[in-house]
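For reference, the chains in residue letters:
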Amino acid sequence: MNISNYCRWLAKKGINTICFIALFPTYFRPKRAIEKSKINQILLINLQGIGDIVMTTPFLTALRKEFLKAEIHYLCYKGNGDVLEGDKRINKILKRKEDNIFSKDFLNTIREIRSSNYDLIINLFPAQHSALITVLSNAKYKLGNLYSTASTSNNLKIKKAEKTWDGRKNAKNIAEQLELQEYNEAALSITISSETKKEIEEFFKNERINRSEKCIGINPNAMWISKNWPDEYWCMFIEQLLKEKEYKKYQIVLFGGPGDKEHTEKIKEIIAKRVSEKEMRRIINIAGKLNLKQTAAALQAMSLFITTDSGLLHIACAGGTKTIGLFGCTNPDILVRGNKWVEIVSSYSQCPENFQFNHNNEPPDQKQECMQKISVEEVFEKVKRII
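What this report covers is the structure whose coordinates are included nearby. Since this is a predicted model, take the numbers as computed values, not measurements.

## Some words on the overall build of the protein
And then number 1: Looking only at helices and strands, one finds 14 helices and eleven strands in the protein.
And then number 2: Taking as baseline every contact in the protein between residues at least 6 positions apart, the subset at least 24 positions apart corresponds to 66%.
And then number 3: Counting only carbon and sulfur atoms, one obtains 50% of the accessible surface of the protein, whose full area is about 18200 Å².

## As for the sheet that holds strand 1 (residues 41–45)
And then number 1: Taken together, the five strands give an open sheet; going across it, the order is 3-2-1-4-5, and neighbouring strands pair in parallel fashion. Of all the strands in the sheet, the pair left with one neighbour each is strand 3 (92–96) and strand 5 (141–143). Ignoring strand direction, the axes of neighbouring strands in this sheet form an average angle of 15 degrees.
And then number 2: Bridge count for strand 1 against strand 4 (residues 120–123) is four bridges, and the pairing is parallel. In the strand pairing of strand 4, L43 is matched with I121.
And then number 3: Sheet strands in contact with helix 3 (residues 57–66) are strand 1, strand 2 (71–77) and strand 4, and its direction is about 175 degrees off that of strand 1.
And then number 4: Against the sheet, helix 5 (residues 128–136) makes contact with strand 1, strand 2, strand 3, strand 4 and strand 5, and its axis sits at roughly 170 degrees relative to strand 4, the strand it touches most.

## Details of the sheet that holds strand 6 (residues 215–219)
And then number 1: The strand order 8-7-6-9-10-11 describes an open sheet built from six strands, whose pairing is parallel. Both edges of this open sheet fall to strand 8 (283–285) and strand 11 (342–346), since each of them pairs with a single strand only. When the angles between neighbouring strand axes are averaged without regard to direction, this sheet yields 20 degrees.
And then number 2: Where strand 9 (residues 304–308) meets strand 10 (residues 323–327), four bridges bridge the pair, whose relative direction is parallel. Paired with F305 across the bridge in strand 10 is T323.

## Quick notes on the pattern of salt bridges
And then number 1: By the definition in use, this model includes 16 salt bridges.
And then number 2: E207 is the partner of K289 in a salt bridge, and the nearest nitrogen-oxygen pair spans 3.2 Å. Taken together, the positions of K289 in the loop between strand 8 and helix 11 (292–300) and E207 in the loop between helix 7 (194–206) and strand 6 put the pair 82 residues apart, joining distant regions of the chain.
And then number 3: Classification of K289 by relative accessible area gives partly exposed; the value is 37%.

## What about the environment of K243?
And then number 1: Position of K243 among the secondary structure elements: in helix 8 (residues 231–243).
And then number 2: Distance from K243 to S276, taken between C-alpha atoms, is 9.8 Å for residues 33 residues apart in sequence.
And then number 3: Setting aside chain neighbours within four positions, we find K243 in contact with K248, R274, V275 and E279.

## Description of the environment of F355
And then number 1: Within the secondary structure, F355 is located in the loop between strand 11 and helix 14 (376–386).
And then number 2: In the structure, F355 is positioned 26 residues away from C329 in sequence and 6.1 Å away in space, judged by C-alpha atoms.
And then number 3: Every residue in contact with F355, bar those within four places of it in the chain, is listed here: C329, P363, P364, D365, E369 and C370.

## So, unusual backbone geometry
And then number 1: Of note, N117 is a non-glycine position whose phi angle comes to about 50 degrees, a positive value.
And then number 2: When you line up the elements, N117 lands in the loop between helix 4 (104–116) and strand 4.
And then number 3: Overall, the relative accessible area of 48% leaves N117 in the partly exposed class.
And then number 4: We note that R208 has phi near 60 degrees; this positive angle belongs to a residue other than glycine.
And then number 5: Note on placement: R208 falls in the loop between helix 7 and strand 6.

## Re the environment of R96
And then number 1: Among the structural elements, R96 can be located in strand 3.
And then number 2: The spacing of R96 and N108 is twelve residues in sequence and 9.1 Å in space, taken between C-alpha atoms.
And then number 3: Residue contacts for R96: discarding those within four places in its chain leaves L47, L75, C76, Y77, K78, S103, D105, F106, T109 and I133.
And then number 4: One polar contact links R96 to D105, side chain to side chain, over a distance of 3.1 Å.

## Considerations on the side chain of D365
And then number 1: Topologically, D365 is positioned in the loop between strand 11 and helix 14.
And then number 2: Of the side chains bearing the opposite charge, K373 lies closest to the buried D365, which forms no salt bridge; the N-O distance is 8.4 Å.
And then number 3: A polar side-chain atom of D365 sits 2.8 Å from the main-chain amide nitrogen of E369.
And then number 4: Beyond its immediate stretch of four places on either side in the chain, D365 contacts S226, F355 and C370.

Conventions and cut-offs
Residues numbered from 1 in each chain as written. Predicted model: local features only at pLDDT ≥ 70, side-chain atom pairs only at ≥ 80, totals over all residues. Heavy atoms only, no water. Helix = DSSP H or I, 4+ residues; strand = E, 2+ residues; numbered from the N terminus. Contact = heavy atoms within 4.5 Å. Areas by Shrake-Rupley, 256 points an atom, 1.4 Å probe, with all protein chains shown as cover. Pairing = 2+ DSSP bridges. Axes fitted to C-alpha atoms, helices over the stretch in contact; angles between N-to-C directions. Salt bridge = Lys/Arg side-chain N within 4 Å of Asp/Glu carboxyl O. Buried < 20%, exposed > 50% of the residue type's maximum accessible area, 1.4 Å probe, protein only. Polar contact = N/O pair within 3.5 Å; in protein donor to acceptor, adjacent residues only side chain to side chain. Lys, Arg positive; Asp, Glu negative; His and termini not counted.

The following block contains the structure:
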C-alpha cells in the first residue's frame, strides 16, 4: 500500500470509528413495526458513485409501485445526481457537495432533512457516514444496511442479512424487508427526455456522427488506473476494428467525462501513427462534450459499447445498449450479474487477492497486471459474436 492509499485508509477508518461511536447507542433502542399506510414522505440515501445509483434503480421502481402517492426524495452527491434528473419516480433530488462529515455541507444536509420530517428514510449502501445521516434525521422509520455497524441506524424490526458488498443484493434485502413486489435486480432504468434526444441528434450532426451508419462506442477510461485496460491494448484493439473488412462502415466514438478528453486524445494520437487518414476520420472523440443525460442518450445510439468497469457501463446497460464490460480487479458477479445487455470479459479469477478491490481503497495494481491478462483477441472475439 502506497503512502497516499495508506493515508486515505487511515482517514476512512477514523471517520468510520467516529460514526460507529455515534451510532452505537442506537443499537439498544426499541424497534418498530412499520405502518405503510402512514408513509407520505420517503428519502433514499445513496452517497456513492454513478454506477451505484444506476444499479439501485430497480429498487426505486419497486418502491414507487408500493408507495404510489408518497413523495420520494433522493439524496446523492451533486455531480452524480444528474443521471436522475427528470425521473418521474422521484419528486425531488437533494445533492450533497462534499463527503466530509465535518463540513458545513454535512450540517446543512442534516438541517434540510430534519426540516422535511420524513416518514421513512432508507440508506441504500453500507456506509457509516450515510448511516449517521439516517440516525441524525427525525424520520419516524429508519431502514438501511442489514448487517455491520451501519445497520444500527435501523429502528425497524428486521431480519439480519448475510454480509455482502453487493449493492444490488443490499437493495434487494431492503426490498424484502419492506415487502416490495415485482423486484427485479437486473432491470436497470434511467429516464431520457425527448428534449435530450433532440439535443443528441443535433450534436451528432455537428460532430459528423452519421446515424445512418453503425457506431461502436468505446470508453477507454476508468476512475482508477488498476481498472483500466492498458493504452497499448486499446490502441491495438481500435486499430484492428479500423482495418477489419466487416467493420469498415462503422464509426468509432470515444466516450468519457470532462477529465478524460486528454486521455482519449492521446489514444487517438498513437493510433494516427499506425493507420491512414481515411481510417482516422472514422474515430470521433466526444469525451467531455456531453452531460450525463446526453451521454446516456448517445450511448443508446451505439450498435455496441466496449468499456471498463465504470459508471458508463451501468448507464449503457440501463439504456438497453449491447455492451462488453472489461473487468480485472473488480468482481463482475457483484456488479453486472444477470444483466442481459452486457457480455463480460474478466480476469478477476486470475487476479491476486491483494490486487482485488476490497471496498476500502483503490487496488494497488498500478502496473495493470490484472487487466493485462485480458487479450485484444479475447475482446475482439466477443465483438464478432455480437455484431
